[in-house]
Each structure stands twice: as C-alpha cells, then as structure tokens.
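# Results of the structural survey
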Amino acid sequence: MSTVVLMKKELMLNGLTCAHCASVIDEKVKHIDGVKNSNLNFTNKKLSVEIDCDNEEKIIKNIIDIINDTEPGLDIQIEGQREIKEDKTQKSIKNNEKLNLLKIIAGAIVFIFAFYQEIAGRENKYSLLIFLVAYLLVGSDVLYKALRNITKGRIFDENFLMSVATIGAIAIGELSEAVGVMLFYKIGEYLQELAVGKSRKSISELMQIRPDMANLKLGNTIKVVNPEDVNIGDYIIVKPGEKVPLDGVVIEGSSMMDTSALTGESVLRTVKKGDNLLSGFINKNALLTVQVTKDFSESTASKILDMVENASSKKSNTENFISVFSRYYTPIVVGLALLIAILPPIFMQGATFSEWIHRGLIFLVVSCPCALVLSIPLSYFSGIGVASKQGVLIKGSNYLEALRYVDTVVFDKTGTLTEGVFDVVKVKPVNISEDELIKFASIAEVNSNHPIAKSILNYYNKEINLNNIEEYEEIASHGIRVKYENNIILAGNEKLMASNNIKIEKSTDVGTVVYIAINNEFKGYIVIADKIKTDSEGAIRLIKEQGIKETVMLTGDNKEVANFVAKKLKLDKVFSNLLPNEKVEKIEELYKNRIEKEKIAFVGDGINDAPVLARVDVGIAMGGLGSDAAIEAADVVIMTDEPSKIAQGIKISKKTYKIVWQNIIFALGIKIIVMVLGATGIASMWDAVFSDVGVALIAVLNAMRIMK
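Residues numbered from 1 in each chain as written. Predicted model: local features only at pLDDT ≥ 70, side-chain atom pairs only at ≥ 80, totals over all residues. Heavy atoms only, no water.

### Considerations on the overall build of the protein chain
Stated formally: For the purposes of this entry, the term helix denotes a DSSP run of H or I that reaches at least four residues, the term strand denotes a run of E that reaches at least two, and both are numbered from the N terminus. Residue exposure (1.4 Å probe, protein chains only): buried if accessible area is under 20% of the type maximum, exposed if over 50%, otherwise partly exposed. We call two residues in contact whenever any of their non-hydrogen atoms come within 4.5 Å of each other. Accessible areas in this description were obtained via Shrake-Rupley with a 1.4 Å probe; residue shielding takes into account the shown protein chains only. The sign given to each residue is positive for Lys and Arg and negative for Asp and Glu; His and the chain ends receive no count. Lys charges are placed at NZ, Arg charges at CZ, Asp charges at CG and Glu charges at CD.
For the protein chain, the helix and strand inventory stands at 22 helices and 26 strands. Among the 708 residues that make up the protein chain, the fraction classed as buried is 51%. Contacts spanning at least 24 positions in sequence make up 67% of the contacts within the protein chain whose residues lie at least 6 apart. Element-wise, carbon and sulfur atoms account for 55% of the exposed surface of the protein chain, whose accessible area totals about 33000 Å². If the 81 positive side-chain charges of the protein chain are averaged to one point and the 87 negative ones to another, these points end up 4 Å apart.

### A few points about the side chain of D141
By the secondary structure assignment, D141 is in helix α4 (residues 127-151). When its relative accessible area of 18% is taken as the criterion, D141 is described as buried.

### Some details on the confidence of the model for the protein chain
Here is the rule: What pLDDT reports is the predictor's confidence in each residue, on a scale of 0 through 100.
Counting all residues, the mean pLDDT for the protein chain is 85, and 94% of those residues have values of 70 or more. Ranking the elements of the protein chain by mean pLDDT puts helix α20 (residues 628-633) last with 67 and strand β13 (residues 288-292) first with 95.

### Some thoughts on the sheet that holds strand β3 (residues 46-52)
Defined as follows: Pairing between two strands is assigned when DSSP locates at least 2 bridges connecting them. As a rule, the C-alpha atoms of each element are fitted with a line to give its axis, helices using only the stretch in contact, and angles between N-to-C directions run from 0 to 180 degrees.
A sheet is described by the order of its strands in space; here four strands give the open sequence β2-β3-β1-β4, paired in antiparallel fashion. Because the sheet does not close on itself, it has two edges, and the strands there are β2 (35-41) and β4 (75-78). Ignoring which end each strand starts from, the neighbouring axes of this sheet average 20° apart. Relative to β4, strand β1 (residues 6-14) runs antiparallel, the two being bridged by four bridges.

### Here's the deal with the packing of aromatic side chains
How two aromatic rings sit relative to each other is set out by the distance from centre to centre and by the angle between their planes. Stated formally: In this analysis, rings of Phe, Tyr and Trp, with Trp reduced to its six-membered ring, are considered paired at centre separations within 6.5 Å, and the interplanar angle assigns stacked below 30 degrees, edge-to-face beyond 60, and tilted for intermediate values.
Here the structure, examined in full by the defined rule, presents nine aromatic pairs. Centre to centre, the rings of Y515 and F522 are 6.2 Å apart; their planes meet at 45°, and the pair counts as tilted. For the residue pair Y515 and F522, the accessibility class agrees, reading buried in each case. Ring centres of Y657 and W661 lie 6.4 Å apart, and the angle between their planes is 50°; on these two criteria the pair is classed as tilted.

### With respect to helix α17 (residues 559-569)
Because each turn of an α-helix spans 3.6 residues, side chains separated by three or four positions in sequence point in the same direction. Stated formally: Picture the helix axis, draw a direction to every C-beta atom, and the arc is the one those directions span.
Turning to α17, its buried residues number three or more, namely V561, A562, V565, A566 and L569. Along α17, the residues classed as buried sweep out an arc of 125° about the axis, all on the same side. Residues K559 and K567 are exposed on α17 and point more than 90 degrees away from its buried face. Tucked into the core, α17 has its buried residues touching β16 (418-429), β20 (512-518), β21 (521-532), α16 (536-545), β22 (550-554) and β23 (573-575). Just beyond α17, the residue with positive phi is K570, at close to 60°.

### Topic: the sheet that holds strand β25 (residues 618-621)
Strand order in the open sheet formed by seven strands is β14-β26-β25-β24-β15-β22-β23, and the pairing between neighbours is mixed. With partners counted over all chains shown, the strands left at the sheet margins are β14 (392-394) and β23, one partner each. For this sheet the average axis-to-axis angle between neighbouring strands, irrespective of direction, equals 20°. Pairing between strand β24 (residues 599-604) and β25: four bridges, direction parallel. Note that in β25 the partner of F602 across the bridge is G619. On the sheet, helix α18 (residues 580-591) packs against β15 (406-412), β22, β23 and β24 and is oriented at approximately 160° with respect to β22.

### What about unusual backbone geometry?
You will see that N486, though not glycine, has its phi angle at about 70°, which is positive. With respect to the helices and strands, N486 occurs in the loop between β18 (479-484) and β19 (487-492). A positive phi is found at N520, a non-glycine position, where the angle reads about 65°. Relative to the elements of secondary structure, N520 occurs in the loop between β20 and β21.

### Some remarks on the side chain of E177
Quick note on the threshold: A carboxyl oxygen of Asp or Glu within 4 Å of a side-chain nitrogen of Lys or Arg is what we treat as a salt bridge.
Relative to the assigned elements, E177 resides in helix α6 (residues 175-206). Although E177 is buried, it makes no salt bridge; R359 carries the closest opposite charge, 11 Å away. The residues touching E177, leaving out its near neighbours within four places in the chain, are H358, S684, M685 and W686.

### Here we look at the pattern of salt bridges
Where charged atoms of side chains with opposite charge meet at close range, the side chains can pair. This model, assessed by the stated rule, comprises 24 salt bridges. The closest approach of N and O atoms between D412 and K583, which form a salt bridge, is 3.1 Å. Within this pair, whereas D412 is found in strand β15, its partner K583 is found in helix α18, the two being separated by 171 residues in sequence. With respect to class, D412 is no different from K583; both count as buried.

### Description of the pairing of β22
For β22, the tally of buried residues reaches five of five residues, placing the bulk of the element in the interior. Neither face of β22 is left uncovered, since the one carrying E550, V552 and L554 and the one carrying T551 and M553 both have all their residues buried. For β15 and β22, the ladder comprises five bridges, and the chain directions are parallel. When the sheet's bridge partners are listed, T408 is paired in β22 with E550.

### What to know about a positive patch on the surface
For the record, the criterion: Patch definition: residues with relative accessible area over 30% and no salt bridge; like charges joined within 9 Å; nonpolar side chains (Val, Leu, Ile, Met, Phe, Trp, Tyr) joined within 5 Å.
A cluster of basic residues, K651, K655, K658 and R705, forms a positive patch on the protein surface. When you line up the elements, K651 lands in helix α21 (residues 644-679).

Here it is, written out as structure tokens:
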C-alpha cells in the first residue's frame, strides 16, 4: 500500500467580501478528491489546503474552478508560484468600491426624486420607470448574482432572498418600499465592507512582523533580495530601522533591538557578537552583520505568522454552533415566510394575499444570518491577533475559548515560576575537603545537560579529564553513577543514597540537595538554589483576579524547596518529588468530579512536560521565543519568560467570549423581534433590512472592540 505524500498550498482570494460565499467555498473544497485538510480564513482571505502531491495540478485546478464558480471575479493568487502584484489588486478593489459607491449615490438621487414626486402627489406615467431605474442602479448586481446562483443550485443566499423580497414588493404595488429597501441594503453592505476592511487592516497591523527584504552580503557588495532567496550560512546586513528578516547569529556589530512585535515588551534588548537574533526584531541604532541559521519558512516570524493565520482552522464550539445553526436557520425562516404568505389568506376571513405576502417578504429579508457568520470568526481572529501582539500565541479559537473556562492553573516549578538558573549556595563536606567534594561532584555531573549539573561545574570552574571516566550512568529521578580512577562516585538525591544503603546526614536547607558518596561512603552534600522569578508573585495574584479558583504546583524537586516556593507565591496546592508519569497521575486526580466547563491549564517549559501538556484542556509553554520545541508542544505559547502573560491571555479570552455572545444575543434578538412584529403587521421591510445589514454592521464594529 503506497503512502500518500501531502503538501501544503495557500491561495489568496483578493476581493473576497462575502462571508457566506467563503463558507460555501470552504465546504466544497473540503470534499474535493485529494484534499486532506482545508481552511478558508475570511478575515485574511487566505485558503490553506493540504493536498496529495501526486495530483497537485489537477487538485489546484479543481479548487480554482470551485472558487470561480462560487464567486467569479476574484483575484486568485497561489503563494509560492505567483508574482507579487498586490498594488494592482488593491487598485482594482478600490476601483470596484468607487463604482459601487457611485451607483449607490446615483440610485439614491433618482430614488429621492421619485419618492418626493410620490409623497407630493405628483405621480405620472413616468413614476414607475423612474423607480425601476433607481432599483436597477442600486440592485442590478444583486439581481445578477441571484440569477447566477440559481443556475448553480444556491437559492438560500442573501442575493436571492433580497431579490425575491424586493421583486415581490414591486409585484404587490409597494414600489417605493422595494427600491428603498434595496437602496438601504446596498448602503448597509457598503458600510459593512468598509468595517470589515478596517478590521482586516487593524489585524494585519497587529502582525506586521513579516520582513519584506533582506540585504544579502556577496563579497564586498550588498544585494537586496527576497528573504525566501537567502540560504542557511549566508551573511546578511541589518541596517538601523530595519526588521531582522531571518533568524541568525550576530557576526559583527552591537545594537539595541525592539522585540515588542514578538514579545509585547517595550524595553529594548542589547545584542552583540555571538548573540542570537530572531526574525521580526527591529534594529534600532547600529549596523549588524548576521549569519543566517534558519531559512525563511523556519524562521521565528514566519512560524508565528503561520500559526496565527491558521489558528482559524481550529474552530471554537461557538463557531461550530453558528455554522450548524446558519445551515438550518435560513431554510426554516424561508419556510415560515411561505406559510405566512399563503395560509392566513386561505383560512382567515378578510385576510388578503397582498398584505400577507408583504409580511412574508419581511421574513425573507430577515432570513440571512450574516451578522453571525461574519462577526463571530472575526471576533476570535481579532482576539488571537491581539494576544499575539502581547507575546501570547494562541493556536486556535478553540483554545482561546477554552481559556475562558479555565478554573485551575497547574504550574511546573523550574523555569516556569523560578528562573531555572541554579547556583551553589552551600557545600557541606564530611571527612573530605570542600575542594575534593566539589571535584568529585563535578566529575559525576560533567556529562549531564541538567541545569543543576551546570551550576556545579560552573562553581568548580576547572577542567576535568574525561578520559579517566570509565563508566557513566544516569539513573532516572535518582541521580548519576560514575566510575572514575577506580572510584565509584554517586551523586543524586536521597532516593539514590537509600537504594545503595548509604546512611546520610540529611540537609535541612531550602534548595535542591545533591548528596555525594564515594565507594558507598557518604562524603557530604551540595545545596543548589533556584531564584523565584520577580514576575511570579504578581502573576499568581493577577491570575486569581481573573477568577481562577485554584493554583497548583507540580515539581520533581524535594518537599522543602517546593513548600518554600508555594508559600512565597501563595499557591493553593503543591505536590513534590514527582516523576514525569506521576505528574500526569496528579493531573488525573485534579480532573475527578469536574464538569466539562471546569477546565485545567498546565504551564511548563514545553519540552520536558509533553505528556502533561497533551493531557490538559489548555497546555501553555513558557519562554517560546526561539524555542521550536515549545511552539510545537503547546496550545498556547508565552513568548517571554513572564508568567503574568497567562493572566493577559485569560483576560483577552474573556473579553472575546463576552463580545461574541453580545453579538449572538443582539443579532438573534433583533431578528426574532422583527419577525414577530413583521408577522403581526407592525414591522416594515425597512425594519427588516436594518435587522439584516444594520445588525451585521453593528456586530462587526462591536467585534473590532477586541482590538482596543
């Protein structure tokens, strides 16, 4: 059985302004043979697909055919294959906007003239013609799209419903109302597009970290190139005021860096020769020569943008609800419109068809759920964009929504609440000199990458002859066993000593204690302490202010150290001396007797805590800046080492959720009120058109508040 090799393709659909059309395209593309995954982000007009490599050309053609079939006239650009022609595209879009505006203004002038003639009692044989001219000026494109969509079997879209409603009004003699409703529908649509365009611009400004060019150094010359054309190992020049285009290491120069686009921090960072640079940083004051360490697609800015832009593929429960709801809402309301138009005149004495058809037409205008289809995804995408600007990367609207329900935050200790930088604070030798104890401890730890090992080696600060180490064994959660010049050295915790039946002098110091034994004889201990982050205490307070009921710390460190940190930070619970699998067991205990909306978040370094991050509702990785492992492992990535960012993420989540439900209640509430009033003959078609485009416009403007 052959393995299907998948490739990712992205298509920009410039000119896409119809949210309903976007959902139709997305749904159809998902069902194309050879398409594994598909996601159309209406906010940034990008269609991302995973397709079968072997049939790339055929699948792309089918996708483009579906797009052209659903929404003709879009400027479709395939990333990686296209020439950059954004200026031309933007000019074309602006020309279309101007044409639409001119048609609306012209139609409005003609309508006002005809309407004045009507109310002044000056109607004549040309009045009907003048109204029809106004109707065609503002509504011709709506009628065209409705006819085109009917031929494709799409009858429940907004164009069809508005066409039927207004033509029906004309048929029963409500000519001025039909033209007025079409005019205000088009004005509402125009304002709605302006609002969506403004929100798109605001979101894109939040994520202005993608570099446009790179200064490639070729011998003694500099060539301005696309960052995609730069290879690993190449040298680039970063001038003052420029963005760093690719990840690399500084070869020459020193400067101040603005990292706010990635971290949300306003404090400038100093970089010098040998320091790592990440794409998206802005060079403030000096020329730098940088050797590239990652190509464009793997550089930090690209990975962050890719993650944020594709976050919409992981939809929240609310978005999924709206998708299902909108699928049934329109046919049900259209069905009710037919019943209202037909049944009362048949069964009610004195009821006329013209009156009840008019009431049924009001239902048709109300039957499009555009306010929800448009504003809900926009709200979540705005929330994700704002969070990313503050250095909190959220991988999907499902995780953004889940953060709102978190009531328990579980922390790893080392590197999360503490600095993760260990220093030797005490050396206690027993029947041996201090220098000898440190020497034997350093020999044991020399091959370890653990921060504790590094702190002991830094303290010893002498060379060790590795050739004299005959045996080396790391014993999980216990320590290290080494044979050195015929001496067996044991360095580790109490468990290691107990398992070798070595009696020890137990330390009462706060810190991590490394006990040393030589040839099964206890020789003393070394105390290593880790500093609590200055941000941690405030972070716990801010998290609790966001309504978190319980804060828990899980650590493999000893009880004394764990309790000291927990007491200092005012944590509710602490579990110490845990093995990695025992951390998962403690998480399982926390899940007992919980309902679905009582969610747990775990905060760790994203590398050593993968099993726990995978188990909880929201896995949060700290210090993701420059760490691929952290970005891959978690649902939420804090780009800096500040735990207080967690509270910011929860706050943004709650604000987004609040605005989403404001829009849902407002949009549905207004529509239901207008339907009831329309059915009883109180509401007019003017009210109906407000409940459609007016409510959609207000919902979009409300969604934009997330970015404030």
